[in-house]
Amino acid sequence: MELRGKVALVTGAGRRLGRVMAQALADRGMALGIHYQASMEGANRLRDDIRRAGGKAACFAADLADPEAARALPGRVAAELGGLDVLVNSAAVMHRLSLEETTPDQWNTTLDLNLRSVFFCTQGAAPTLRAARGKVVNLADLAGLEPWPGFAAHSISKAGVVMLTKILALSLAPDVTVNAIAPGAVLVPEDYSPQERERLARETPLRRLGSPSDVVSALLYLLEGGDFVTGQVLVVDGGRIIR
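Reference entry: report on the structure contained in this document. Fair warning: this is a prediction, and the values are worked out from it, not measured in the lab. (Residues numbered from 1 in each chain as written. Predicted model: local features only at pLDDT ≥ 70, side-chain atom pairs only at ≥ 80, totals over all residues. Heavy atoms only, no water.)

Looking at the pairing of strand β1 (residues 7–10)
Burial along β1 is two-sided: V7 and L9 and A8 and V10, pointing in opposite directions, are all buried. Note that β1 and strand β2 (residues 31–36) share 4 bridges and pair parallel. Among the inter-strand pairings, V10 is bridged to a residue of β2, identified as I34. The parallel pair β1 and β2 is bridged by helix α1 (residues 16–27), and the resulting crossover is right-handed. With 3 bridges connecting them, β1 and strand β4 (residues 86–89) associate as parallel partners. Bridge pairing in β4 links A8 to V86. (Buried < 20%, exposed > 50% of the residue type's maximum accessible area, 1.4 Å probe, protein only. Helix = DSSP H or I, 4+ residues; strand = E, 2+ residues; numbered from the N terminus. Pairing = 2+ DSSP bridges. Right-handed = clockwise from strand over helix to strand, strands pointing away.)

Here's what the structure looks like:
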């Protein structure tokens, strides 16, 4: 896909990986729908940066844990920006909670945003993406491919994203490709200590942590070069999954 002149919606684009991916797509000449919930300041700053550089961007607030809001978001973006060609489902939460620590409310908060919102946001985008022969990229996680008992609900939600990616790929073929990226230690949780970061690097076969640019490279491959790739999970983890 040639990205210049196309329209992308990136959920959770006000901070962390979502923000980095949104900026990378704007740098490729895409018009950006910048979704946020709590990170209004970061979303507005990103929008202003893109506009100052001559690009096109608009911010869209939505609580994606509400399935109706998730389903409506792509239509709002298409109406304001003139279409929708790419959906990047990256909004998520990650809480360190074991089996014993997880309450029903915490379970619902994690699953509603990390998994259910991906389903309904993609459902809402499907008609426009079919017409555009567009692409969907979901943000999974290494925790969705191996069990992380210290992040129980998160790990389960991201395993769901992996299966959902395959379901969506079959459901939207042949018009839309749907893939996922499963990052490893590329942007570790903000509460990780230096010792925990060093441990992660030691446990990674490449003996270092990754960076958000590694995820951007995977995203651009799937959008610009992966026209015959669908239903796949691209793992970006320095080899941790093969240990």
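Examining the side chain of T110
Assignment of secondary structure puts T110 in helix α4 (residues 104–132). Dropping the residues within four chain positions of it, T110 is found in contact with V93, H95, L115, A153, H154 and S157. (Contact = heavy atoms within 4.5 Å.)

Describing the nonpolar core
Counting residues in each nonpolar core, the largest one holds 35 residues, and the members touching the most others are M21, L25, L32, I34, V88, I181 and L219. Among the secondary structure elements, those contributing two or more residues to this core are β1, α1, β2, α2 (40–52), β3 (57–61), β4, β5 (135–139) and α7 (212–225). Per-element tally for this core: the top contributor is α7, with 7 residues. Dropping the residues within four chain positions of it, I34 is found in contact with V10, A13, A43, L46, R47, I50, A57, A58, C59 and F60. Of all hydrophobic cores here, the second largest spans 29 residues; its members include V7, A31, L73 and L164. (Core = buried A, V, L, I, M, F, W, Y, C linked by side-chain atoms within 4.5 Å.)

Examining the sheet that holds strand β6 (residues 177–183)
Judged by pairing direction, the sheet is parallel, and its 7 strands sit side by side in the order β3-β2-β1-β4-β5-β6-β7 without closing on themselves. Single-partner strands in this sheet number two, and they are β3 and β7 (233–236). Neighbouring strand axes in the sheet, compared pairwise and without regard to direction, differ in orientation by 15° on average. In the packing of α1 onto the sheet, contacts are made with β1, β2, β4, β5 and β6, and the angle to β1 comes to roughly 175°. Most of the contacts of α7 go to β6, to which it runs at about 165°, and overall it touches β4, β5, β6 and β7. (Axes fitted to C-alpha atoms, helices over the stretch in contact; angles between N-to-C directions.)

A few points about α4
Helix length check: α4 (29 residues) gives 40 Å between terminal C-alpha atoms against 42 Å at 1.5 Å per residue, within 8%. The largest bend along α4 measures about 50° and falls at A126, with the proline P127 one to four residues further on. Downstream of α4 by one or two residues, R133 has phi in the positive range, about 50°. (Expected span 1.5 Å × (residues − 1). Bend = angle between axes of the 7 residues up to and from the residue.)

As for the packing of aromatic side chains
Within the structure shown, the criterion is met by 2 aromatic pairs. Pairing F119 with F120 gives two aromatic rings, centres 5.0 Å apart and planes at 70°, and the pair type is edge-to-face. By relative accessible area, which is 36% here, F119 ends up partly exposed. With centroids separated by 6.0 Å and ring planes inclined at 65°, the aromatic side chains of W148 and F151 adopt a geometry described as edge-to-face. On the basis of relative accessible area, W148 is assigned to the partly exposed category, the value being 21%. (Phe/Tyr/Trp six-rings, centres within 6.5 Å; stacked < 30°, edge-to-face > 60°.)

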